[in-house]
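Understanding the architecture of this molecule
Each chain is listed here by its residues.
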Amino acid sequence: MEFIAIEDLIKRDGLRLVLVAGTPSPWGQAAKAMMEYKGLDFACGAQMPGGDNVALVAWAGINSGPVVAWNDEPPLNRWDDILFLLERLAPNKRLLPEKRADRARALGLAYEMCGPLGLGWNRRLSLFRPAMESGQPPAPVLSMARKYNYNESDVALADRRQVETLQLLHAELEAQRARGCAYFVGDTLTAVDFYWAAFSTIYLLPPPEDVPVAEGFRAMFELLAPEVKAALTPLLMEHRERVLRAHFKLPMEM
Ligand SMILES: N[C@@H](CCC(=O)N[C@@H](CS)C(=O)NCC(=O)O)C(=O)O
């Protein structure tokens, strides 16, 4: 896949996706995999993590990834807006259940992974912690820490919050298995399976041939509190392997 300059991406029609460069940013990688699953064509550009991304900010009003745009509609950056757009563009391969109770459960579980102070957010707080506590964080880390509201009280709770969400995800999957279903919600693959596969990569990074990040990044992802590591159960990791292998393009394009 070719990454094109943001200035050129803006001029295009159709579906466009801006991914965080060089790291398996789960919000963006889940959106990309869902677009591919739905057979949607898209052009792709890159956001430089911790950078100024001037052209992106001027266009989308935000300095983060992913950004998703469809024709002349305003560019989107929230995971749920992006998911609803993809559902609208390719309703034939739905990733949100129609049955209301299942839909509510899928959106709730997705929120716990993607939303503010959800799984990804808390993991990011924990990942930034060593650099922030060193008193000399690299400039990109400092700028992202400010952007994503790094603060003492949330950092202190971050590992416990991650454990609780991972336990919830394990319990949901276990209950589904007990009723003979191989996915998180209802009877079929949903966005929740994509989000889990994507967010699990920032816990246990797949091998370099699948997720080719720079060596420094790999070492950073290996820092995991023992209680968080213990909550990454074999059931959760088996499920992520199955969904990654079946529905994500590997090696991951970043
Ligand atoms: N906009 C997303 C969250 C996006 C997000 O947190 N992106 C981070 C991923 S680590 C990012 O862009 N990091 C790079 C940066 O901020 O420079 C949502 O709320 O649904």
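Thresholds applied
Residues numbered from 1 in each chain as written. Predicted model: local features only at pLDDT ≥ 70, side-chain atom pairs only at ≥ 80, totals over all residues. Buried ≥ 20, exposed ≤ 12 C-beta atoms within 10 Å, placed from the backbone. Helix = DSSP H or I, 4+ residues; strand = E, 2+ residues; numbered from the N terminus. Pairing = 2+ DSSP bridges. Right-handed = clockwise from strand over helix to strand, strands pointing away. Axes fitted to C-alpha atoms, helices over the stretch in contact; angles between N-to-C directions. Contact = placed C-beta atoms within 7 Å. Near = placed C-beta within 6 Å. Nonpolar A, V, L, I, M, F, W, Y, C, P; charged D, E, K, R; others polar. Domains from an automatic or database assignment. pLDDT = per-residue confidence, 0-100. Core = buried A, V, L, I, M, F, W, Y, C linked by C-beta atoms within 7 Å.

Focus on the pairing of strand E1 (residues 15-20)
With five of six residues buried, E1 is to be regarded as a mostly interior element. Direction of pairing for E1 relative to strand E3 (residues 67-70): antiparallel, over a ladder of four bridges. Note on E3: the bridge partner recorded for Leu-17 is Val-68. Pairing between E1 and strand E2 (residues 43-47): five bridges, direction parallel. Following the sheet pairing, Leu-19 is matched in E2 by Ala-46. With helix H2 (residues 26-37) bridging E1 and the parallel E2, this β-α-β connection has right-handed handedness.

A word on the sheet that holds E1
What the three strands build is an open sheet, ordered E2-E1-E3; its pairing is mixed. Because the sheet does not close on itself, it has two edges, and the strands there are E2 and E3. Direction aside, the axes of adjacent strands within the sheet are offset by 20 degrees on average. Against the sheet, H2 contacts E1 and E3, and its axis sits at roughly 145 degrees relative to E1.

Concerning the site of the ligand
Around the ligand sit 16 residues in total, of which Ser-25, Pro-49, Ser-64, Arg-78 and Trp-79 are the nearest. Along the lines of polarity and charge, the residues of the shell around the ligand split into six nonpolar, seven polar and three charged.

Re the domain arrangement of the protein chain
Here the protein chain is described as being made up of domain 1 (6-93) and domain 2 (100-247). On a C-alpha basis, the centres of domain 1 and domain 2 stand 20 Å from each other. In this complex, domain 1 contributes 14 residues to the contact, which on the side of domain 2 involves 19 residues. Those elements that place two or more of their residues in the side of domain 1 that touches domain 2 are H2 and helix H4 (79-89). Among the elements that line the side of domain 1 that touches domain 2, the one with the most residues is H2, at seven residues.

Here we look at the confidence of the model for the protein chain
Summing up the model confidence of the protein chain, the mean pLDDT is 96 and the portion of residues at 70 or higher is 100%. No element of the protein chain has a lower mean pLDDT than helix H10 (residues 215-221), which averages 85, and none a higher one than helix H9 (residues 191-200), which averages 99.

Quick look at the nonpolar core
Nonpolar side chains tend toward joint burial in soluble globular proteins. Core analysis: the largest hydrophobic core is formed by 56 residues, its most contacted members being Met-34, Ala-191, Val-192, Phe-194 and Tyr-195. In terms of residue count, the dominant contributor to this core is H9 (eight residues). Composition of this core by domain shows at least three residues from each of domain 1 (6-93) and domain 2 (100-247). Counting residues in hydrophobic clusters, the runner-up holds five residues, among them Leu-125, Val-141, Ala-145 and Ala-158.

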